[in-house]
Protein chains: 2
Amino acid sequence: MINTRVAVAVHILALIASKPHDDLPSDYIAASVNTNPVVIRRLLGMLKKAGLIQTTAGKAGASLTRDPADISLLDVFHAVEPKESLFAIHDNPNPHCPVGKGIQRALDEAFGVAQDALACKLSSESIEDILHQLFDKA
Amino acid sequence: MINTRVAVAVHILALIASKPHDDLPSDYIAASVNTNPVVIRRLLGMLKKAGLIQTTAGKAGASLTRDPADISLLDVFHAVEPKESLFAIHDNPNPHCPVGKGIQRALDEAFGVAQDALACKLSSESIEDILHQLFDKA
DNA sequence: CATAGATGTAACATTTATAGTTACATCTAA
DNA sequence: TTAGATGTAACTATAAATGTTACATCTATG
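Residues numbered from 1 in each chain as written. Chains lettered and ligands numbered in written order. Predicted model: local features only at pLDDT ≥ 70, side-chain atom pairs only at ≥ 80, totals over all residues. Heavy atoms only, no water.

- In the nomenclature of an unreviewed UniProt entry, chain A is known as Rrf2 family transcriptional regulator of Sporolactobacillus shoreicorticis.

Okay, structure coming up:
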């Protein structure tokens, strides 16, 4: 199971996007997410490093660097998840066994195909889509 | 990142499929995977519970219950990964915040789409495909 | 310019999942 | 009967995720 960072980061970005004219302190965001403000600031740091938001030390609030429609869930995923492989593969299979020798490459290939499909879908969903889900009455 | 159980389980099944006439003891499989035999037996237990293999207590070896072409990586995934959701979602977002109130449902929806795409690809790859990757010369 | 309130970040604590290990009851087959 | 397996419980070790405390530093304002 993938950690909650992706979910929380989307929550944060949706919150910022939903109040573009307010400066939301990390305490406020933390109250919405229901966690510690430092957890929020850590994630804001990662989102900033990924270029998705802008902040100023000492000054409350964070702002999106681009339109919510142009921030995909894949962007968010990559911002908060450093590992490039979704599936872990065991180390040091026996190189003297025909299966052990080639299994890592075979798994890389097979898992890669699946991961690409996941990434493709994530790249087609945006923060704006999340906002619509949140606020558009069915 | 997803645990190594899926990778190891595929390794195990490929090994069994590659030697259909041998009874491979868990010690042998463990030597190929490079881990402890009990780890292998645990995974064999899960694969058996999922109906992918057959074993007999006290008797060496496990056999596939169906053709390698009919065992998909999605089957393996579900056999060793009990959680139905790939992405974790944080608990107890603030219900008094408009974003907090609806975020879980929105994320469920968004992540579900991506997870379905992943599952689709995994279901289209079989143990037989892995064997081909391992043994067919390019 | 002092100060209240914010960010940025290090350091530590807690919890949980994963993986490895030991031990042993039980079964199979020779 | 006995050697060699499986099945499984129980314990250990390790790592990752999350929560928390503390504090340096910055911003804006009276």
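1. Here we look at the overall build of chain A
Alright, step 1. What chain A contains, in helices and strands, is six helices and two strands.
Alright, step 2. The N-to-C order of helical and strand elements in chain A reads α-α-α-β-β-α-α-α.
Alright, step 3. A compact globule built from 138 residues should have a C-alpha radius of gyration of about 14 Å, whereas chain A, at 19 Å, is more than 25% larger.
Alright, step 4. By its C-alpha atoms, chain A is 60 × 35 × 25 Å across when sized along the principal axes.
Alright, step 5. Taken over 138 residues, chain A has a buried fraction of 46%. (Helix = DSSP H or I, 4+ residues; strand = E, 2+ residues; numbered from the N terminus. Rg over C-alpha atoms; globule rule 2.2 N^0.38 Å. Buried < 20%, exposed > 50% of the residue type's maximum accessible area, 1.4 Å probe, protein only.)

2. Structural notes on helix α3 (residues 37–49) of chain B
Count 3.6 residues to each turn of an α-helix, and residues three or four apart come out pointing the same way.
All names here are of chain B.
Alright, step 1. Spanning 13 residues, α3 covers 18 Å between terminal C-alpha atoms, matching the ideal 18 Å at 1.5 Å per step.
Alright, step 2. Along α3, the residues classified as buried are Ile40, Leu43, Leu44 and Leu47. Along α3, the residues classed as buried sweep out an arc of 105° about the axis, all on the same side. The exposed set on the far side of α3, more than 90 degrees from its buried face, consists of Arg42 and Lys49.
Alright, step 3. Taken together, the buried residues of α3 touch α1 (5–18), α2 (26–33), β1 (53–56), β2 (59–64) and α4 (73–80).
Alright, step 4. The N-cap of α3, judged by a side-chain oxygen 2.9 Å from the amide nitrogen of valine 38 a few residues on, is asparagine 36.
Alright, step 5. Of the residues flanking the end of α3, it is glycine 51, one or two places downstream, whose phi is positive at about 80°. (Expected span 1.5 Å × (residues − 1). Arc of directions from axis to C-beta. Contact = heavy atoms within 4.5 Å. Polar contact = N/O pair within 3.5 Å; in protein donor to acceptor, adjacent residues only side chain to side chain.)

3. A closer look at the state of the cysteines
Alright, step 1. Counted according to the given criterion, the structure contains zero disulfides over all chains.
Alright, step 2. Left unpaired, A:Cys120 is separated from the closest cysteine sulfur, that of B:Cys120, by 12 Å. (Disulfide = S-S within 2.5 Å.)

4. Topic: the pairing of strand β1 (residues 53–56) of chain A
Residue and element names in this part refer to chain A.
Alright, step 1. The pairing of β1 with strand β2 (residues 59–64) spans four bridges and is classified as antiparallel. Pairing of glutamine 54 across the sheet is with serine 63, part of β2.
Alright, step 2. Between the antiparallel neighbours β1 and β2 lie two residues, among them glycine 58 with a positive phi of about 90°. (Pairing = 2+ DSSP bridges.)

5. Details of the interface of chain A and chain B
Alright, step 1. Between chain A and chain B, the residue contacts involve 54 residues of the former and 54 residues of the latter.
Alright, step 2. Between chain A and chain B the total buried area reaches about 4,500 Å² when both faces are included, carbon and sulfur atoms providing 74% of it.
Alright, step 3. One can count zero salt bridges joining chain A with chain B.
Alright, step 4. For the side of chain A that touches chain B, the class distribution of residues is 33 nonpolar, 14 polar and seven charged. (Buried area = accessible area lost by both parts, 1.4 Å probe. Salt bridge = Lys/Arg side-chain N within 4 Å of Asp/Glu carboxyl O. Nonpolar A, V, L, I, M, F, W, Y, C, P; charged D, E, K, R; others polar.)

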